[in-house]
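The lines below spell out each chain.
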Amino acid sequence: MLQPRLATNRWLQLSAVGAFGFLAVWTTAALSGLTSRDFLPTPWDVLQRFVHLAREPFSGATLGMHLLSSLQRFGMGFGLAALVGVPLGLLMARFRWLDRLVTPAFEAVRFVAPIAWVPFAALWFGTGIGGPVLIIFMGAFPPVLINTYRGARQVDLKYIEAAQMLGASHWRAMTQVMLPATVPSIVAGLRISAGLGWQSLVGAELIVASSGVGYLMVKGQAAISTATVMSGMLAIGVVGVIIDAALRRVQHTIETRRGL
Amino acid sequence: MAIIRFEHVDRVFHQNGQDFTALKDINLEVKDREFVAIVGPSGCGKTTCMRMAAGLEHPTGGTVSVDGVVVRAPGPDRAVVFQQFALFPWKTVWDNVEFGLLSLGIAEAERRRRIEHYIGLMGLHGYERAYPHQLSGGMQQRVAIARAYVLDPKVLLMDEPFGALDAQTRVVMQEELVRLARQHPRTVLFITHAVEEAVYLADRIVVMSRRPGTLREILDVKSARQAERWDEIERIEDVMDQPSFVHLRTHVWKLLREQQAPGDTH
């Protein structure tokens, strides 16, 4: 372990000090009079605005409705990434020719940041659902593919040999042995994918959507309401943490069941 | 009639542009329902012999056949018990044992009957829903043996199956395997480096030379066992006291010692 271990309550204390320190610096800066409070609201102002947005519609919907719309897009982009990435990663690990076929194109495309797909998505899909889904997909796809592929390549040969010896067909060896043996890597990849997908979503919505948290933030910017923009950021952060916690839970359950 | 036959089997490995002869002109016939143990110094290629019978490796010369059919790929007619168990950690004991039966397309009722029989025989009752990591090494190897036996294979191939177990568990498993072999006689090829284990379990012992592996000598244990009625002796330590056991063990040890490289400390 690189860092010495800390007692749990000491750890909590330090976390609390860090969080309060951040809020204190923010509040001091906001109240110092160096900038207008319209440009840098206090944490309390943001929280009030957040609660207000949750109750009253802004740009056509409440914050909850905007979030729901964002989550739908995220679900589609992330789901598509998992649906393509997991089987493709497994097949690439199994068939060398497919690996050789896909890898060069994949390696080139994955360095185009999700946000760099925005103009292309706008040209192709306009303000339709396809644009944000494409951008989220581009963010979420690489980690799940890479993790599945690497995980499948590292499956202990003894499991494959046991499956062959037990008469498993190629299909059963793939679905009953390769896939479950790779599941811990896949879930780890999905966690990274979900994070990157959720980050990309907002970038997508800033430009091509007509609802969602990103859209709400753009409208807040147009109305010169920093508190609205920051409320959007707060919502993104909170939902991101919840998504990650849920997937970490799944990961933990799987690892416990296998005695890892 | 399950016969494993090695005919002029060679195995050459290519490594860094050089050829290494691992096995040279192996000729061996394991008869129907015979238990043959192969012993030899480490690196002599005994595991390679088993893996070729399993179809997990292939000879570079000669042929390995089972029932007259040349072995080309692994299959459930040649069940393997691996040293490292190789149980599927994401499946329960029951599902591990059932895996091969599903490959064979055996009907549900028959699967249930067979699994229950071998789970009972291996003392795994009550552990059907457990995952491998929840079991001790000895229990895991019981699952692996049940998984192999349940297929009703023509031949059983065991690669140092008790090598990863502690000494006491090992003795218990050896006694169980003898019991199992009497209830369900099978053609068995058993790889080990433990001399006592080989003498206790096998009908015949094949002693191999060190690399390049060749057959040094084949010993008949069965006639000594029948003459002294080892089968009626329950405990392994009492069998090990029999004069012919001691004699055979010493003989195998001497053969193995001749095979040790100078300066080889084990």
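Residues numbered from 1 in each chain as written. Chains lettered and ligands numbered in written order. Predicted model: local features only at pLDDT ≥ 70, side-chain atom pairs only at ≥ 80, totals over all residues.

1. Here we look at the overall build of chain A
Along chain A, the regular secondary structure elements total 10 helices and 0 strands. Along the chain direction, N to C, the helices and strands of chain A fall in the order α-α-α-α-α-α-α-α-α-α. Here chain A, with 260 residues, has 36% of them falling under the buried criterion. For chain A, the proportion of contacts with a sequence separation of at least 24, taken over those separated by at least 6, is 74%. (Helix = DSSP H or I, 4+ residues; strand = E, 2+ residues; numbered from the N terminus. Buried ≥ 20, exposed ≤ 12 C-beta atoms within 10 Å, placed from the backbone. Contact = placed C-beta atoms within 7 Å.)

2. A short note on the overall build of chain B
Across its full length, chain B carries 9 helices and 10 strands. Against the compact-globule benchmark of 18 Å for 266 residues, chain B has a radius of gyration of 19 Å, which places it among compact chains. Looking at chain B residue by residue over its 266 residues, the buried ones come to 41%. (Rg over C-alpha atoms; globule rule 2.2 N^0.38 Å.)

3. Structural notes on the nonpolar core
Judged by nonpolar contacts, the single largest core of 130 residues is most densely connected at V36, A53, A146, L157, L189, F190 and I205 of chain B. A per-element tally of this core places helix α8 (residues 170-208) of chain A first, with 13 residues. Setting aside residues up to four positions removed in sequence, I205 of chain B forms contacts with A37, V39, A198, V199, L219, V221 and V252 of chain B. (Core = buried A, V, L, I, M, F, W, Y, C linked by C-beta atoms within 7 Å.)

4. Focus on the interface of chain A and chain B
Size of an interface, as often reported, equals the accessible area lost when the parts are brought together. Contact residues are listed per partner, giving 15 residues for chain A and 20 residues for chain B. Secondary-structure elements contributing two or more residues to the side of chain A that touches chain B are α7 (157-165) and α8 of chain A. Examining the composition of the side of chain A that touches chain B, we find that 6 residues originate from one element, α7 of chain A, more than from any other. Here the residues of the side of chain A that touches chain B are counted per class, giving 7 nonpolar, 3 polar and 5 charged. (Nonpolar A, V, L, I, M, F, W, Y, C, P; charged D, E, K, R; others polar.)

5. Section: the sheet that holds strand β10 (residues 215-220) of chain B
All names here are of chain B. With mixed pairing, 6 strands are arranged side by side in an open sheet as β6-β7-β8-β3-β9-β10. With one partner strand each, in any of the chains shown, β6 (78-81) and β10 form the two edges of the open sheet. Strand-to-strand twist in this sheet, taken as the mean axis angle between neighbours without regard to direction, amounts to 15°. By the bridge criterion, 4 bridges tie β6 to strand β7 (residues 155-159) in an arrangement that is parallel. (Pairing = 2+ DSSP bridges. Axes fitted to C-alpha atoms, helices over the stretch in contact; angles between N-to-C directions.)

6. Some details on helix α10 (residues 226-257) of chain A
Residue and element names in this part refer to chain A. End to end, α10 covers 47 Å across 32 residues, agreeing with the expected 46 Å (1.5 Å per residue, within 8%). Of the positions making up α10, those classed as buried are T226, A227, T228, V229, M230, S231, G232 and A235. The inward-facing, buried residues of α10 abut α2 (43-55), α3 (63-94) and α9 (213-222). Just beyond α10, the residue with positive phi is G259, at close to 70°. (Expected span 1.5 Å × (residues − 1).)

7. Quick notes on the packing of α3 of chain A against helix α6 (residues 130-153) of chain A
All names here are of chain A. Two elements in contact, α3 and α6, have axes whose closest approach is 7 Å; the angle formed by their N-to-C orientations is 30°. Here α3 is positioned roughly parallel relative to α6, judged by the angle of their axes. Here α3 and α6 pass one another in a crossing that is right-handed. Residue classes in the contact of α3 with α6 are distributed as 22 nonpolar, 4 polar and 2 charged. (Parallel < 35°, antiparallel > 145°, perpendicular 65-115°, else oblique. Left-handed = near helix turned anticlockwise from the far one by under 90°.)

8. Considering the domain arrangement of chain B
Residues and elements named next belong to chain B. According to the domain assignment, chain B contains domain 1 (1-68 + 171-266) and domain 2 (78-152). If you average the C-alpha positions of domain 1 and of domain 2, the two centres end up 25 Å apart. At the level of secondary structure, the elements contributing two or more residues to the side of domain 1 that touches domain 2 comprise α1 (46-54) and α5 (167-183). Looking at the side of domain 1 that touches domain 2 residue by residue, the classes come out as 6 nonpolar, 2 polar and no charged. (Domains from an automatic or database assignment.)

9. Some thoughts on unusual backbone geometry
A positive phi is found at S59 of chain A, a non-glycine position, where the angle reads about 55°. By the secondary structure assignment, S59 of chain A is in the loop between α2 and α3. With phi around 45°, H8 of chain B is a residue other than glycine that occupies positive phi space. Its location among the elements puts H8 of chain B in strand β1 (residues 4-15).

10. As for the pairing of β7 of chain B
All names here are of chain B. Within β7, 5 of the 5 residues are buried, which leaves the element mostly enclosed by the surrounding structure. Neither face of β7 is open: one carries V155, L157 and D159, the other L156 and M158, and all of them are buried. Inspection of the sheet shows β7 paired to strand β8 (residues 187-191) by 5 bridges, in the parallel sense. Within the sheet, the bridge partner assigned to D159 lies in β8 and is I191.

11. Brief notes about the environment of L104 of chain B
Structurally, L104 of chain B is set in the loop between α2 (93-103) and α3 (108-121). Considered as a pair, L104 of chain B and D77 of chain B are 27 residues apart in the sequence and their alpha carbons are 10.0 Å apart.

12. Side note on the packing of helix α5 (residues 118-125) of chain A against α6 of chain A
Residues and elements named next belong to chain A. Between α5 and α6, whose axes approach to 8 Å, the crossing angle comes to 150°. As for how α5 packs across α6, the hand of that crossing is right-handed. Counting all contacts with α5, which are made through V118, A121, A122, W124 and F125, the residues of α6 involved are G130, G131, L134 and I135. Split by residue class, the contact of α5 with α6 holds 7 nonpolar, 2 polar and no charged.

13. Some details on the sheet that holds β1 of chain B
All names here are of chain B. A sheet is described by the order of its strands in space; here 4 strands give the open sequence β2-β1-β4-β5, paired in antiparallel fashion. Here the strands that pair on one side only, and so sit at the sheet edges, are β2 (18-30) and β5 (69-70). Here 9 bridges tie β1 to β2, and the two strands are oriented antiparallel to one another. Across the sheet, residue Q15 finds its bridge partner in β2, namely Q18. Along the sheet face, α1 touches β1, β2 and β4 (61-66) and points at about 65° away from the line of β2.

14. Re helix α4 (residues 137-149) of chain B
Residues and elements named next belong to chain B. With 13 residues, α4 should reach 18 Å at 1.5 Å per residue; the first-to-last C-alpha distance of 18 Å fits that figure. Within α4, 10 of the 13 residues are buried, which leaves it mostly tucked inside the rest of the structure. Looking only at α4, the buried set comprises Q140, Q141, R142, V143, A144, I145, A146, R147, A148 and Y149. Check the buried side of α4 and you find it contacts β6, α2, α3, β7 and α5.

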